[in-house]
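# Summary of the model geometry
Spelled out, the chains give:
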Amino acid sequence: MPFAERTVEALRREFAVLANQEGANLSELCRRYGISRPTGRLWRERYRREGVAGLVDRSRRPQQSPGRTPAEVEAAVVALRTQHPAWGGRNLAAARARHGRAAPAPSTITAIRQRHGLLAADPEAPRRWQRFEHAAPNDLWQLDFMGHRPLAQGRVHPLTLLDDHSRFALGLVACPNEQQELVQTHLTACFRRCGLPQAILTDNGPPWGTSGAGGLTALEAWLLRLGVELWHGQPYHPQTQGKIERFHGTIAAEVFQAEPPFPDLAAAQRRFDAWRDGYNAARPHQGLAFAVPLDRYTASPRSFPDPLPPIGYGPDDVERTVRDQGAISFAGRAYFVSRGLVGQRVAVRPTTTDGVFAVVSGMRQVATIDRREQQRA
């Protein structure tokens, strides 16, 4: 009969005793006990050398594993993954290689993560959409508020600013609200430190969203005066700002999910600053061929003007001040221009069409005045 699980040790001992008797027929004994001749010879020889102890099952693991990751390297990978829970196998491998340390293959790191229960959804999983980035630093910055999060008392509104080309985190600010004045204050600090970009991309929400019938927002008007274009993503298409949305996901995983709520805004800002330093200088980025953002970012050569220079217009322009409701007076009538330009000087200049005038703020046309209907009346 074959070895049953409940009698295996007894049957092995019985077989081994019989097989070692003088004149024993090994082939016949193997047939009777339902085992192969190689197995029969194995048990017979083990019993001769070791007695009953030689009949116990042994591990099939090889005595040497030359391809196994050294224990100290595996421990270091686990520690790095624990420190950066949003990093996948490729980021972890690149981070170790960057500092001249032994770097297992990403697949090996994935196996290590699995052994230690660290195999969450990998943020580096391939995306179907095509990646796009601007050619140089400061060609385009992306600006947004991350969804507000609870504090021990109150809430924090993280303001995020990212360079499109390098993924350099220009700012991560713990704000108490999402008001335009506060955004302008933090943008001013960033402009003084990093210089001016060519353009900034935002969504259509406040405080930077298009104001519809209200014309330019105050933030748009201020950026316009600085020579910075404000672009708006397509409504209901967050893919337009895919890089900063991905950035928000990393913050959520590495800052907010990894720690309990911060006691106050100051504590949140301290954590933001420390995390931002690591993100810029230590975290390899797949989209940068596993370089870090600081390797690819350079400050803008366009310095922030302080104070803002006055806006100058040509000798043939008719200058007007935008009044409280966003309107100007021209040719005896009031014409709406923009609420975001209240208190600023604009110019009215004729176009190539008789009776049609362009209203200009700096170098940009912000409104059109058409007097043809009034003249016909």
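Residues numbered from 1 in each chain as written. Predicted model: local features only at pLDDT ≥ 70, side-chain atom pairs only at ≥ 80, totals over all residues. Heavy atoms only, no water.

Turning next to the sheet that holds strand E10 (residues 345-350). Strand order in the open sheet formed by four strands is E7-E10-E11-E12, with antiparallel pairing between adjacent strands. The two strands at the open ends of the sheet, each matched to only one other strand, are strand E7 (318-321) and strand E12 (364-370). Across the sheet, the mean angle from the axis of one strand to that of its neighbour is 30°, orientation sign disregarded. (Pairing = 2+ DSSP bridges. Helix = DSSP H or I, 4+ residues; strand = E, 2+ residues; numbered from the N terminus. Axes fitted to C-alpha atoms, helices over the stretch in contact; angles between N-to-C directions.)

The next point concerns the side chain of Asp 164. One can find Asp 164 in the loop between strand E3 (155-163) and strand E4 (169-175). A polar contact of 3.3 Å, which involves the side chain of Asp 164, links it to the side chain of Lys 243. (Polar contact = N/O pair within 3.5 Å; in protein donor to acceptor, adjacent residues only side chain to side chain.)

Running from N to C, helix H1 (residues 8-19) and helix H2 (residues 26-33) point in directions that differ by 160°, and their axes come no closer than 10 Å. Viewed along their axes, H1 and H2 adopt a mutual orientation that is roughly antiparallel. Handedness of the H1/H2 crossing: right-handed. Contacts from Leu 11, Glu 14, Phe 15, Leu 18 and Ala 19 in H1 reach Leu 26, Leu 29, Cys 30 and Tyr 33 in H2. For the contact of H1 with H2, the class distribution of residues is eight nonpolar, no polar and one charged. (Parallel < 35°, antiparallel > 145°, perpendicular 65-115°, else oblique. Left-handed = near helix turned anticlockwise from the far one by under 90°. Contact = heavy atoms within 4.5 Å. Nonpolar A, V, L, I, M, F, W, Y, C, P; charged D, E, K, R; others polar.)

Counted by the stated rule, this structure contains 10 salt bridges. Between Arg 31 and Glu 28 there is a salt bridge, with its nearest N and O atoms 2.3 Å apart. Pair noted here: Arg 31 and Glu 28 are both in helix H2, with a separation of three residues, about one helical turn. Asp 317 is the partner of Arg 349 in a salt bridge, and the nearest nitrogen-oxygen pair spans 2.8 Å. Placement of the pair is Arg 349 in strand E10 and Asp 317 in the loop between helix H11 (293-296) and E7, with a sequence separation of 32 residues. Among the residues examined, Asp 317 registers a relative accessible area of 15% and is labelled buried. A single network of salt bridges, built from pairs that share partners, joins Arg 44, Glu 45 and Arg 48. (Salt bridge = Lys/Arg side-chain N within 4 Å of Asp/Glu carboxyl O. Buried < 20%, exposed > 50% of the residue type's maximum accessible area, 1.4 Å probe, protein only.)

Our next topic: the layout of surface pockets. In this structure, the second largest pocket occupies an estimated 200 Å³ of space. Lining the second largest pocket are 15 residues, and of these Leu 170, Gly 171, Leu 172, Val 173 and Arg 193 lie nearest its centre. For the lining of the second largest pocket, the secondary-structure elements that each account for two or more residues are E3, E4, helix H7 (180-194) and helix H10 (265-281). With five residues, the single largest contributor to the lining of the second largest pocket is H7. (1 Å grid on protein atoms, 1.4 Å probe; cavity = no way out; pocket = protein on both sides within 12 Å on 5 of 7 lines; lining within 4 Å. Points joined across faces, edges and corners; volume = space filled by probe spheres on them.)

This paragraph deals with helix H8 (residues 218-226). Within H8, seven of the nine residues are buried, leaving the element largely enclosed by the surrounding structure. Elements that come into contact with the buried residues of H8 comprise H7, strand E5 (199-202), strand E6 (229-232), strand E11 (356-361) and E12.

Our next topic: H1. In this model H1 runs 16 Å from its N-terminal to its C-terminal C-alpha over 12 residues, within 8% of the 16 Å that 1.5 Å per residue would give. Those residues of H1 that fall on the buried side of the exposure criterion are Val 8, Leu 11, Arg 12, Phe 15, Ala 16 and Ala 19. Along the axis of H1, the buried residues cluster in a sector spanning 130°; they form a single face. Residues of H1 that are buried in the fold lie against H2 and helix H3 (37-50). (Expected span 1.5 Å × (residues − 1). Arc of directions from axis to C-beta.)

What follows deals with unusual backbone geometry. The bulk of non-glycine residues show a negative phi, and the bulk of peptide bonds are trans. Of note, the amide linkage connecting Asp 306 to Pro 307 takes the cis form, showing an omega dihedral of 5°. Relative to the assigned elements, Pro 307 resides in the loop between H11 and E7. A positive phi angle, near 70°, is found at Asn 138, a position not held by glycine. You can see Asn 138 is positioned in the loop between helix H6 (106-115) and strand E1 (141-145).

The subject of this paragraph is the confidence of the model for the protein chain. Overall, the prediction assigns the protein chain a mean pLDDT of 82, with 79% of residues at 70 or greater. In the model of the protein chain, helix H12 (residues 372-376) stands out as the element of lowest mean pLDDT, 67, in contrast to E3, which has the highest, 96. Long-range and interchain partners of residues 1-6, a stretch whose pLDDT sits below 50, account for 13 contacts in this model, where long-range means more than four residues apart. Counting contacts from residues 121-131, a segment whose pLDDT is below 50, to residues more than four positions away or on other chains yields 14 contacts. (pLDDT = per-residue confidence, 0-100.)

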